[in-house]
Amino acid sequence: MKIAMIGTGYVGLVSGVCFSDFGHEVVCVDKDPNKIEMLERGEVPIYEPGLDALMAKNVEAGRLSFTLDLEQAIEGAEAVFIAVGTPTRRGDGHADLTYVMAAAEEIARTANEYVVIVTKSTVPVGTNRRVKDTVSKANPALDFDVASNPEFLREGAAIDDFMKPDRVVVGVENDRAAEVMANIYRPLYLREYPIVTTDLESAEMIKYAANAFLATKITFINEIAALCEKVGADVKQVSKGMGMDGRIGNKFLHAGPGYGGSCFPKDTKALARIGQEHAVPMQITEAVIKVNEEVKRRMIDKLLDLCGGSFNGKTVAVLGVTFKPNTDDMRDAPSLTLIPALVGGGAKVRTCDPQGQHEGEALLPGVHWMDDPYTAAQDADLLVILTEWNEFRALDLSKIAQTMAAPRMADLRNVYTVKDARQAGFEAYDSIGREGFAE
Ligand SMILES: NC(=O)c1ccc[n+]([C@@H]2O[C@H](COP(=O)([O-])OP(=O)(O)OC[C@H]3O[C@@H](n4cnc5c(N)ncnc54)[C@H](O)[C@@H]3O)[C@@H](O)[C@H]2O)c1
């Protein structure tokens, strides 16, 4: 089966590579010549564990190729996937569908035989119908169907998530399109991964509802964490006790510096916007967006407290800038709120991140990039653990404390404990939803 994949970002590239590993012939197309040049050289433009090896294997097998030429990609394809970005539109929170609709028009101009146009991008309810109308208008003679196939992979674990999904969601209007989609996902179906087949609108809604729910769960525990700090409870124990309840589950109950990343911030805003447009306000989601901003602001207050009320003249070492470990993605990362507040307040910021420097350099002006946490912490007045990369989980804290000007730590991922910090010789330690200390 031949598949064309439009967009070679975090979702398009992973999906394209994995579909080729299923045995399909996949041509990935992107508008960005730099990305295509890199891919043709066998280089992966993003950091995603395991992707380079799987990509090389399938290119070698002759099933996977890359091109700038949409026509070449679509030629003979039974399905064309749209996996382009849907960022927040400036001003109103709506998902920006410019790239999706442009891709739909390009497909309409290029395709000349039956094809299923599959939207993998996260799009507001009704978008697949808009894609259908756009294609019909642009090419009335084209025989085609549309399908909604939202993606649930997590960056950092994307290949596993794609190959072993909790479920695959497919929204279609007829059996013909359903059959094409079933053929694409046959390897997963044979391994008994659930395929949920729905109408177009429900498939689109499932994605937003799922992401908004997860963002709500994180925000809920972050709010509980703030209360834990006031009443002397330990949010880690609270999460554990809550998560053991089968109705609640233990995932997404880790308190932290507020959610970020390429999906939750924009998808919660888009869902709120869809609700407003249909006069059904998404009040819970709207509250989640607001509380998450407050959580991020509270982090700045924590750092200020540890710096004695002012960042001016302080040296702060920040470990981790990506929005989570095992990715180089910086979109809406908490570091983009925290670090500018530090720099703006007059602090000298040194940072290190196993994969974030390439993206981060342009986004975080005025920051000094160091090779490892130990050099970053040298002579610092405050150590901030912002992203819980494995590299930061087993630090020699005594060594760090000895070289700091003032050994103080803000552990915004609850990686360490008061005991660890005291034993290592820190004079102050604060974390999320737990009691800290300051001598
Ligand atoms: N990143 C995630 O973890 C994730 C998870 C699930 C769903 N999604 C959704 O998937 C979609 C894509 O996200 P992403 O993170 O992969 O985006 P991305 O920005 O990393 O990649 C998008 C790619 O599409 C290319 N592109 C745009 N218009 C094009 C066109 N007309 N023709 C060819 N290429 C074009 C861009 O050059 C870019 O390389 C979004 O809707 C997102 O919400 C993302």
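Reading the values: rules and limits
Residues numbered from 1 in each chain as written. Predicted model: local features only at pLDDT ≥ 70, side-chain atom pairs only at ≥ 80, totals over all residues. Heavy atoms only, no water. Helix = DSSP H or I, 4+ residues; strand = E, 2+ residues; numbered from the N terminus. Near = heavy atom within 4 Å. Polar contact = N/O pair within 3.5 Å; in protein donor to acceptor, adjacent residues only side chain to side chain. Areas by Shrake-Rupley, 256 points an atom, 1.4 Å probe, with all protein chains shown as cover. Nonpolar A, V, L, I, M, F, W, Y, C, P; charged D, E, K, R; others polar. Expected span 1.5 Å × (residues − 1). Buried < 20%, exposed > 50% of the residue type's maximum accessible area, 1.4 Å probe, protein only. Pairing = 2+ DSSP bridges.

A. View of unusual backbone geometry. Despite not being glycine, Phe252 shows a phi value in the positive range, around 60 degrees. On the secondary structure map, Phe252 appears in the loop between α11 (235-243) and α12 (264-277).

B. Geometry of the site of the ligand. Near the ligand, the surroundings consist of 24 residues, among which Asp30, Lys35, Thr86, Glu155 and Lys266 are the closest. The separation between a nitrogen atom of the ligand and a polar side-chain atom of Glu155 is 2.7 Å. Between the ligand and the protein, one listed contact pairs an oxygen atom with a side-chain N or O atom of Lys266 at 2.5 Å. Look at the ligand: alone it shows 840 Å² of surface, and the protein chains cover 90% of it. For the shell around the ligand, a count of residues per class yields eight nonpolar, seven polar and nine charged.

C. Inspection of helix α1 (residues 10-21) at higher detail. Here α1 contains 12 residues, and its C-alpha end-to-end distance of 17 Å stays within 8% of the 16 Å for a straight helix at 1.5 Å per residue. Buried residues dominate α1, accounting for 10 of its 12 residues. Among all positions in α1, only Tyr10, Gly12, Leu13, Val14, Ser15, Gly16, Val17, Cys18, Phe19 and Ser20 are buried. Just past α1, the residue Gly23 takes up positive phi, approximately 110 degrees.

D. Structural view of the sheet that holds strand β15 (residues 437-438). Taking strand neighbours across the sheet as the criterion, the seven strands line up as β11-β10-β9-β12-β13-β14-β15 in an open arrangement whose pairing is mixed. Both outer strands of the open sheet, β11 (367-369) and β15, are each paired with one neighbouring strand and no more. Across three bridges, strand β13 (residues 408-411) lies against strand β14 (residues 428-430) in parallel orientation. Along β14, the bridge assignment pairs Arg408 with Ala428.

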